[in-house]
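# Fold and geometry: a report
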Amino acid sequence: MLDRLYKYRWQYVMIAPAVVLLFLFSYIPMAGIQVAFKNFHIGNTMWTSPWVGLDNFAFLQDDQFWSVVKNTIYIAVLKFVFGFPAPIALALLINEVRHSGFKRFVQSVSYLPHFFSWIVVAYILQSLLTLDGGLVNQMIAGLGGQPVFFLGSTDWFRPMIVASGLWKEVGWNTILYLAAITTIDPQLYEAARVEGAGRWAQVRHITLPGILPTISIVLILSMPSLIAVGMDQIYPLMNPANQPVADVLDTYILRSGLQQGYFGMATAVGLLSSAISLLLVLITNKTSRKINGEGLW
Amino acid sequence: MKRSASDRIGQTAIHVVLLLLCLSVIYPFLYMLAISLNVGSDAAKGGVYLWPRQFTLYNYEVVLGNVVIRHAYLITIARTIAGTVSGLLVTLLAAFGLSYRLLPARRVLLGYVLITMLFSGGLIPFYIQLFQLSLLNTFWVYIIPSAFSAWNMFVMMKFIQGIPEALLESAEMDGASAWRVLLSIVVPLSKPMLAALGLFTAVMHWNDWFAGAFFVSDQDLIPVQTFLQQLLSAQDISAVLGSNNNAEAIARGNMLSTVTLMSIKMSTVMVSAIPILCVYPFLQRYFVKGVLIGSVKG
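Conventions we followed
- Residues numbered from 1 in each chain as written.
- Chains lettered and ligands numbered in written order.
- Predicted model: local features only at pLDDT ≥ 70, side-chain atom pairs only at ≥ 80, totals over all residues.
- Heavy atoms only, no water.
- Helix = DSSP H or I, 4+ residues; strand = E, 2+ residues; numbered from the N terminus.
- Expected span 1.5 Å × (residues − 1).
- Buried < 20%, exposed > 50% of the residue type's maximum accessible area, 1.4 Å probe, protein only.
- Arc of directions from axis to C-beta.
- Contact = heavy atoms within 4.5 Å.
- Phe/Tyr/Trp six-rings, centres within 6.5 Å; stacked < 30°, edge-to-face > 60°.
- Lys NZ or Arg CZ within 6 Å of the ring centre and 35° of its normal.
- Buried area = accessible area lost by both parts, 1.4 Å probe.
- Salt bridge = Lys/Arg side-chain N within 4 Å of Asp/Glu carboxyl O.
- Polar contact = N/O pair within 3.5 Å; in protein donor to acceptor, adjacent residues only side chain to side chain.
- Nonpolar A, V, L, I, M, F, W, Y, C, P; charged D, E, K, R; others polar.
- 1 Å grid on protein atoms, 1.4 Å probe; cavity = no way out; pocket = protein on both sides within 12 Å on 5 of 7 lines; lining within 4 Å.
- Points joined across faces, edges and corners; volume = space filled by probe spheres on them.
- Axes fitted to C-alpha atoms, helices over the stretch in contact; angles between N-to-C directions.
- Parallel < 35°, antiparallel > 145°, perpendicular 65-115°, else oblique.
- Left-handed = near helix turned anticlockwise from the far one by under 90°.

### A closer look at helix α10 (residues 178-189) of chain B
- In this model, α10(B) (12 residues) spans 15 Å end to end at C-alpha, consistent with the 16 Å of a helix rising 1.5 Å per residue.
- Within the sequence span of α10(B), burial applies to Ala178(B), Val181(B), Leu182(B), Ile185(B) and Val186(B). All buried residues of α10(B) lie within an arc of 130° about the axis, which places them on one face of the element. Pointing more than 90 degrees away from the buried face of α10(B) are the exposed residues Arg180(B) and Leu183(B).
- Buried residues along α10(B) sit against α2 (9-31) of chain A together with α4 (67-98), α8 (150-161) and α9 (165-173) of chain B.

### Concerning the packing of aromatic side chains
- Enumeration according to the criterion identifies 31 aromatic pairs over all chains in this entry.
- An angle of 80° between the planes, with centres 5.2 Å apart, marks the rings of Phe115(A) and Trp172(A) as edge-to-face. Residue Phe115(A) is found in the loop between α5 (100-111) and α6 (118-129), and its partner Trp172(A) is found in helix α8 (residues 154-182); the two are separated by 57 residues along the sequence.
- Assessed through its relative accessible area of 10%, Trp172(A) is described here as buried.
- Aromatic pair Tyr235(A) and Phe214(B): ring centres 5.4 Å apart, planes at 75°, arrangement edge-to-face. Placement of Tyr235(A) in helix α11 (residues 231-237) and of Phe214(B) in helix α12 (residues 210-214) is noted, with the two residues assigned to different chains. Phe214(B) shares its class with Tyr235(A); the two are buried.
- Every member of this aromatic cluster is reached through a ring pair, and the members are Phe25(A), Phe40(A), Tyr235(A), Phe263(A), Phe126(B), Tyr127(B), Trp209(B), Phe210(B), Phe214(B) and Phe215(B).
- The ring of Tyr286(B) carries Arg285(B) above its face, with NZ or CZ at 4.7 Å from the centroid.

### So, the interface of chain A and chain B
- Taken together, the contacts link 90 residues of chain A with 91 residues of chain B.
- When chain A packs against chain B, close to 8300 Å² is buried across both sides, 78% of that on carbon and sulfur atoms.
- The three residues of chain A that bury the most area against chain B are Met14(A), Phe115(A) and Tyr123(A), which together make up 10% of that side's buried surface.
- At the boundary of chain A and chain B, one finds 0 salt bridges.
- Between the two partners, chain A and chain B, sit 21 residue pairs in polar contact (both at pLDDT 80 or more).
- Class assignment of the residues belonging to the side of chain A that touches chain B gives a composition of 63 nonpolar, 20 polar and 7 charged.

### A look at empty space enclosed by the protein
- On inspection of all chains with the given rule, the structure shows 1 cavity of 30 Å³ or more.
- The space that makes up the largest cavity amounts to roughly 40 Å³.
- In terms of lining, the largest cavity is formed by Ile15(A), Ala18(A), Val19(A), Ala94(B), Leu98(B), Leu109(B), Tyr112(B), Val113(B), Phe148(B) and Met153(B).
- Of all the elements in the fold, those that place two or more residues in the lining of the largest cavity are α2 of chain A together with α4 and α5 (106-118) of chain B.
- Here the lining of the largest cavity is built from residues that sort into 10 nonpolar, no polar and no charged.

### Observations regarding the layout of surface pockets
- Taken as a whole, the second largest pocket holds about 710 Å³ of empty space.
- Every residue lining the second largest pocket is counted, 23 residues in all, and those nearest its centre are Gln126(A), Asn239(A), Leu232(B), Ser233(B) and Gln235(B).
- Those elements that place two or more of their residues in the lining of the second largest pocket are α6 and α11 of chain A together with α13 (224-232) and α17 (261-295) of chain B.
- Considered class by class, the residues forming the lining of the second largest pocket number 13 nonpolar, 7 polar and 3 charged.

### Brief notes about helix α7 (residues 135-142) of chain A
- Of the positions making up α7(A), those classed as buried are Leu135(A), Asn137(A) and Gln138(A). The buried residues of α7(A) occupy one face: seen down the axis, they fall within an arc of 165°.
- Looking at the buried side of α7(A), the elements it contacts are α6 of chain A together with α1 (5-36) of chain B.
- Positive backbone phi, at 85°, marks Gly144(A), one or two positions downstream of α7(A).

### Brief notes about unusual backbone geometry
Residue and element names in this part refer to chain B.
- Phi at Ala105 is positive, roughly 70°, even though this residue is not glycine.
- Mapped onto the elements, Ala105 comes out in the loop between α4 and α5.
- For Ala105, a relative accessible area of 46% translates into the label partly exposed.
- In the Ramachandran plot, Ser134 falls in the positive-phi region, its phi being about 55° despite a non-glycine side chain.
- Secondary-structure assignment places Ser134 in the loop between α6 (123-132) and α7 (140-143).
- The exposure class of Ser134 is exposed, given its relative accessible area of 55%.

### Re the packing of α6(A) against α8(A)
Residues and elements named next belong to chain A.
- One can describe the packing of α6 onto α8 by two numbers: an axis separation of 11 Å at closest approach and a directional angle of 125°. Compared by their axis directions, α6 and α8 come out oblique. When the axes of α6 and α8 are compared, the crossing they make is right-handed. Across the interface between the two elements, Trp118, Val121, Ile124, Leu125 and Leu129 of α6 pack against Met160, Ser164, Gly165, Trp167, Lys168 and Glu169 of α8.
- For the contact of α6 with α8, the class distribution of residues is 7 nonpolar, 2 polar and 2 charged.

Take a look at the structure:
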């Protein structure tokens, strides 16, 4: 045994930095969940702070918390309903293009927004939608309409989040589907054409079934991150005017924990949301084993 | 083959939809570029849509003349380089070590990594740990916690395991150490994969605003994206020009009246986006390749 350990000594040395980093930045924070049951103040350590039982979970009786939960689910579901089928539709459209130069152009351009930060996206939205001099409001005014305060409106916040999310990621998310389409046997299309199938019939009976396995894998992989509805995307666009609909679990944790100093309570909220994510992962894995005969692990 | 009329209509419709999509991506950048290249007070009157009406580089002079922005830029560049190098190094080493199927305790180590992908303590315990390690408000908070990526590690490991074993074994027979095998066989063969993962890591560092906004309070340590995040909700122009850091711009005080908050915002965001726009055409294929390799589940 010692011989084998010695034989692989350098491999252990190579793995060591990763093990240490995970211990410091993943495992100790997991132990830090105890802060959810403690009265913690910065300056104390998480080990020596006094236990307070379930006091930090008082937010469960807070109406604001439940409105945050509602917002989170609302945005998660909307983003999923629009965000999941859109790249499939786009991939099918791109696949129908016969001119290969145009095809490449569309792909390159549609991937681009993926490489910009959500902050840049927020600026784009601001430049288009702001009240003073925003492009859209200039047009509305030009047509004789009343300017709309899109960025501070509770009605426009969700459409704005869904649309900008789609805009940023739809192209990038087509990559897998387009790759899957190229693996479909061209003879199938040949045969279908001989039998008189039109373009639409070919899409329905060959292309879609052909990429079904990919669709199901993407579906499964997207489940666990469902409720993590982007602090990255929402926080920059949130302001006092749209907060009633914009506040989600992540921003709630950020505000109550890091900005107001309720560490125990914010950790407790985080614990609930981690638990939901874990549950989604486990359910997903189980389902995946049933459907594909194989889980993610 | 003769095409039917309905087919031609379908093709045209698809082209129109896709062109509109491309336009929706390209136009906002052109619009922001036009505003940033126009005299601010003139742009505020409206009507600048595609081309600057009163061309000026003054907005950029103000932005690039601002010490705070220049400093933020340096921080971004430094963290992107240091973060990418350290991230690739730690992740590659772990992936290579764990790619040995006969490594004792390998399954335990893989499980140790996997668990962190499934469950996390959440933001607050992570923050408390950064505090306890005295990483808050240091440059290292950008580098050290993100130096290992479990996801990239698994992708890299799968890739290394795809290298023919005979190649690695013959090197070992010749007495090559693990380090030697890594440097002279694995690294040269993994270049495309390393390029893709390196680019992903670099883009992540370039675009990150969160760490700068919440783990750092010293303005001298914030990266460009955090600066942009602070500027996003700024209500008046003094947020950028108020400090006496802008000696060059103030020296030309009479022109300052032509600068608006919007023109400054647009030129600042262009300054942060232009580097990505410039490298994107060259690197795009690596990104795509990286996604495709990463998605092949083993």
